[in-house]
2 protein chains.
Amino acid sequence: MPLTPRTSDLKATGLIGTLRCCQLFSGLSAEDLAVIAGFIVVQKLAKDEYLFHEGDPSRGCYLVQSGAVNVHRVSAAGKEQVIHVFRSGESFAEAALASPTGYPANARAVEASTVLVIPKAPILELIGRRPDLAMRMLGSMSGHLRVLVGMLDDLTLKDVETRLLNWLVKHAPAGPTGKIHLAGTKRVLAAELGTSSETLSRTLGRLRDQHLITVSGKIITVHNLPAIQSLLRRNLGEHENP
Amino acid sequence: MPLTPRTSDLKATGLIGTLRCCQLFSGLSAEDLAVIAGFIVVQKLAKDEYLFHEGDPSRGCYLVQSGAVNVHRVSAAGKEQVIHVFRSGESFAEAALASPTGYPANARAVEASTVLVIPKAPILELIGRRPDLAMRMLGSMSGHLRVLVGMLDDLTLKDVETRLLNWLVKHAPAGPTGKIHLAGTKRVLAAELGTSSETLSRTLGRLRDQHLITVSGKIITVHNLPAIQSLLRRNLGEHENP
DNA sequence: GGCCAGCCTTGACCCACGTCAAGTTCCGGG
DNA sequence: CCCGGAACTTGACGTGGGTCAAGGCTGGCC
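In this text, all values refer to a predicted model and were calculated from it rather than measured experimentally.

Quick notes on the rules
Residues numbered from 1 in each chain as written. Chains lettered and ligands numbered in written order. Predicted model: local features only at pLDDT ≥ 70, side-chain atom pairs only at ≥ 80, totals over all residues. Heavy atoms only, no water. Phe/Tyr/Trp six-rings, centres within 6.5 Å; stacked < 30°, edge-to-face > 60°. Helix = DSSP H or I, 4+ residues; strand = E, 2+ residues; numbered from the N terminus. Buried < 20%, exposed > 50% of the residue type's maximum accessible area, 1.4 Å probe, protein only. Pairing = 2+ DSSP bridges. Contact = heavy atoms within 4.5 Å. Axes fitted to C-alpha atoms, helices over the stretch in contact; angles between N-to-C directions. pLDDT = per-residue confidence, 0-100. Near = heavy atom within 4 Å. Polar contact = N/O pair within 3.5 Å; in protein donor to acceptor, adjacent residues only side chain to side chain. Nonpolar A, V, L, I, M, F, W, Y, C, P; charged D, E, K, R; others polar. Buried area = accessible area lost by both parts, 1.4 Å probe. Salt bridge = Lys/Arg side-chain N within 4 Å of Asp/Glu carboxyl O. Core = buried A, V, L, I, M, F, W, Y, C linked by side-chain atoms within 4.5 Å. Expected span 1.5 Å × (residues − 1). Domains from an automatic or database assignment. Least-squares fit on C-alpha atoms with pLDDT ≥ 70 in both.

## Remarks on the packing of aromatic side chains
Residues and elements named next belong to chain A.
Here is step 1 of the chain: Inspection of the entire model under this criterion finds 12 aromatic pairs over all chains.
Here is step 2 of the chain: With a centroid separation of 3.8 Å and an interplanar angle of 15°, the aromatic rings of F52 and Y103 are classed as stacked. Residue F52 is found in strand β2 (residues 50-52), and its partner Y103 is found in the loop between α3 (95-98) and β7 (106-109); the two are separated by 51 residues along the sequence. One exposure class covers both F52 and Y103, and it is buried.
Here is step 3 of the chain: Among the aromatic residues, ring-to-ring pairing joins F52, Y62, F86, F92 and Y103 into one connected group.

As structure tokens, this is what we get:
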């Protein structure tokens, strides 16, 4: 169609760029990427808007283009357990493609975000024709399994201080000292660590008293990364039998 | 080869029966099943023998033919967190097929068991040629993801009593009263529920005092399933806002 | 500038659960 | 039949961390 050729070209170019960058599709042929770009739906989410709820029938899977999406469950008691926060370039809900039941969790935008919706039917059809794409899906789900397994030991084998230290080490920029800018409120971080804001506050306080970090508003300054890493290692091993 | 034709026929027949019964392969053509049976390796495990350890390079994935296999992680402190106990007909470690890294957990036989080892290379090759098999693998991994997500709320959103009630409901035979025969020792059940044997003992005791169950050796008799279900529901909802 | 509303912090309190320790019961072997 | 050990039970105790409640702090808004 000669109508709006530039617009759709631009759209396709931007999409294909995003697709090429994400782990799920990188390495596919330009032709396949174009096919995928053809049936993708772009969806914008406001902060705190839900992408789907637990039990919703599945539309397909998702790829974060910008922003961040919090995938979580809520208990009968109304408490929210964060499973993972997916950021730009990451894909999620692949599991929903292969299973007839609805989504097993909820997804909500942490901030204003853009996600690419990959509809179920056409991607399944393409997977059927492209074995290497099937492999990638398997690989991606296997990665998610590992993340969940990691969460399991986080939740069962470590206390809050250890989880926080681990989070700090993962998020601190390189170099002995560095600043971490909190994306959301501290309550959100507490939820991500599976604790309450009060306990997080106390734990941060304890690290501050040991001069390992300073906290000011949404900025956490790491003063002594090696000391933090060694404290983390000590915590992980402290109950060891001699 | 004319040698031992009956033996290998018998082996193949038994294998194909097992394959046909398991969720992963049921519905595949007899021809494909024969191919799979051709490269499967049968492995017997003594009680407490390890099938693989965390970090081992992956041989392939597994199908339990008889017995039970405990997949778990161990923390730096030496504590063991059970991820799942797989029993006859269930498959696991599919994730290892698609990812170049080693196994992310350990697997050990709870009792004397027989597992079918499905080697990596030939099954991957077959998946490449049989899109519906790829779908099944995706479905199976999606199921494992759901199990893990379920474990997550078990561990974070419920106390031990609630987890035990949930376990009882899942394992009790139909009808208002029924007997559950414990497969392993009570310490094993405690580990499966993510607690210590002492706490399990106390919790069972409390339920006994309420005349909901009786415990005698390895037999748990459920006297009042509806009451247990209603107690479970009450526990799940007790912190609800009105 | 003053005010209100969220956040964050701190203290007090409580409870579930893990751990240690001291019995019991139940086997399997000599 | 007795003994030793494993599994189980029960009690006592400590503690991490969740919850409630009461301030400080900050920032938007009139």
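Read on for the rest.
## With respect to the sheet that holds strand β1 (residues 41-45) of chain B
Sheet strands associate in pairs through backbone hydrogen bonding, adopting either a parallel or an antiparallel arrangement.
Residue and element names in this part refer to chain B.
Here is step 1 of the chain: On the basis of which strands lie adjacent, the open sheet formed by 4 strands has the order β1-β8-β3-β6 and antiparallel pairing. Each edge of the open sheet is held by one strand with a lone partner, namely β1 and β6 (91-92).
Here is step 2 of the chain: In the sheet, β1 pairs with strand β8 (residues 113-119) via 5 bridges, with the strands oriented antiparallel. Paired with V42 across the strands is L116, a residue of β8.
Here is step 3 of the chain: Packed onto the sheet, helix α4 (residues 120-129) meets β3 (60-66) and β8 and runs at close to 60° relative to β8.

## Let's talk about the confidence of the model for chain A
All names here are of chain A.
Here is step 1 of the chain: Looking at chain A as a whole, its pLDDT mean stands at 84, while 90% of the residues score no less than 70.
Here is step 2 of the chain: Considering each helix and strand of chain A separately, the mean pLDDT is smallest for helix α1 (residues 5-21), with a value of 66, and largest for helix α8 (residues 197-209), with 95.
Here is step 3 of the chain: This stretch, residues 1-5, has a pLDDT under 50; its non-local contacts, to residues over four places away or in other chains, come to 0 contacts.

## Digging into the protein's contact with DNA strand C
Here is step 1 of the chain: With respect to spatial proximity, 14 residues lie near DNA strand C, and among them A:T185, A:K186, B:V160, B:T195 and B:R202 are the closest.
Here is step 2 of the chain: Restricting attention to atoms of DNA strand C within 4 Å of the protein, one finds that 61% of them are sugar or phosphate atoms.
Here is step 3 of the chain: Interatomic distance of 2.9 Å between a side-chain N/O atom of B:T199 and a phosphate oxygen of DNA strand C.
Here is step 4 of the chain: Separating a base oxygen of DNA strand C from a side-chain N or O atom of B:R202 is a distance of 2.8 Å.
Here is step 5 of the chain: Secondary structure elements with two or more residues in the surface near DNA strand C: α7 (186-192) and α8 of chain A together with α8 (197-209) of chain B.
Here is step 6 of the chain: Residue composition of the surface near DNA strand C, grouped by class: 1 nonpolar, 6 polar and 7 charged.

## Remarks on the interface of chain A and chain B
Here is step 1 of the chain: Across the contact, 40 residues belong to chain A and 40 residues belong to chain B.
Here is step 2 of the chain: When chain A packs against chain B, the two sides together hide about 3,600 Å² of surface, and 76% of this comes from carbon and sulfur.
Here is step 3 of the chain: Considering only the surface of chain A that becomes buried against chain B, A:L138, A:R146 and A:L152 emerge as the three largest contributors, covering 18% of it.
Here is step 4 of the chain: For the pair chain A and chain B, the number of links is 0 salt bridges.
Here is step 5 of the chain: Inspection of the region where chain A meets chain B yields 8 residue pairs in polar contact (both at pLDDT 80 or more).
Here is step 6 of the chain: In terms of residues, the side of chain A that touches chain B owes the most to one element, helix α5 (residues 131-157) of chain A, which gives 19 residues.

## A look at the nonpolar core
Here is step 1 of the chain: Within the largest apolar cluster, 99 residues are counted, with the highest numbers of intra-cluster contacts made by A:L19, A:F25, A:F92, B:L19, B:F25, B:Y62 and B:F92.
Here is step 2 of the chain: Sort the elements by how many residues they give to this core and α5(A) lands first, with 11 residues.
Here is step 3 of the chain: With sequence-adjacent residues up to four places away left out, A:F92 is seen in contact with A:L51, A:F52, A:C61, A:Y62, A:V64, A:V69, A:V71, A:F86, A:A107 and A:H144.

## Examining the pairing of strand β9 (residues 178-181) of chain A
Residues and elements named next belong to chain A.
Here is step 1 of the chain: Side-chain alternation along β9 places G178 and I180 on a buried face and K179 and H181 on a face that remains uncovered.
Here is step 2 of the chain: By the bridge criterion, 4 bridges tie β9 to strand β11 (residues 219-222) in an arrangement that is antiparallel. The residue of β11 that forms the bridge with H181 is I219.

## Side note on the protein's contact with DNA strand D
Here is step 1 of the chain: Around DNA strand D sit 14 residues in total, of which A:T195, A:R202, B:T185, B:K186 and B:S201 are the nearest.
Here is step 2 of the chain: Within 4 Å of the protein, atoms of DNA strand D come from sugar and phosphate in 63% of cases.
Here is step 3 of the chain: Between DNA strand D and A:V160 there is a distance of 3.0 Å, counted from a phosphate oxygen to a backbone nitrogen or oxygen.
Here is step 4 of the chain: When contributions to the surface near DNA strand D are tallied by element, the ones reaching two or more residues are α8 of chain A together with α7 (186-192) and α8 of chain B.
Here is step 5 of the chain: Looking at which element gives the most residues to the surface near DNA strand D, the answer is α8(B), with 4 residues.
Here is step 6 of the chain: Of the residues assigned to the surface near DNA strand D, the class counts are 1 nonpolar, 5 polar and 8 charged.

## Here we look at α8(A)
Here is step 1 of the chain: Counted at 1.5 Å a residue, the expected span for α8(A) with its 13 residues is 18 Å, and the 18 Å between its end C-alpha atoms agrees.
Here is step 2 of the chain: Along α8(A), the residues that are buried comprise A:L200, A:T203, A:L204, A:G205 and A:L207.

## A short note on the domain arrangement of chain A
Residue and element names in this part refer to chain A.
Here is step 1 of the chain: On domain assignment, one finds that chain A holds domain 1 (7-155) and domain 2 (160-235).
Here is step 2 of the chain: In this assembly, 4 residues from domain 1 lie in contact with 4 residues from domain 2.
Here is step 3 of the chain: Carbon and sulfur atoms supply 57% of the area buried between domain 1 and domain 2, which totals about 520 Å² over both sides.
Here is step 4 of the chain: When the buried area of domain 1 at its contact with domain 2 is split by residue, V82, D154 and L155 rank highest and sum to 54% of it.
Here is step 5 of the chain: Viewed at the interface, domain 2 and domain 1 are joined by 0 salt bridges.
Here is step 6 of the chain: Those elements that provide at least two residues to the side of domain 1 that touches domain 2 are β5 (80-87) and α5.

## Comments concerning the relation of the copies chain A and chain B
Here is step 1 of the chain: At an RMSD of 0.3 Å, chain A and chain B line up after a rotation of 180° and a shift of 0.1 Å along the axis. Taken together, the rotation and translation describe the operation of a two-fold axis.
Here is step 2 of the chain: Of the interface residues in chain A, 100% have counterparts in chain B that sit at the interface too, so the contact is made through matching surfaces.

## What to know about the pattern of salt bridges
Side chains carrying opposite charge are able to pair once their charged atoms draw close together.
All names here are of chain A.
Here is step 1 of the chain: Scanning the model with the defined rule gives 10 salt bridges over all chains in all.
Here is step 2 of the chain: Notably, a salt bridge pairs D32 with R130, separated by 2.8 Å at the nearest N-O pair. With D32 in helix α2 (residues 30-39) and R130 in the loop between α4 (120-129) and α5, this pair connects stretches of sequence that are 98 residues apart.

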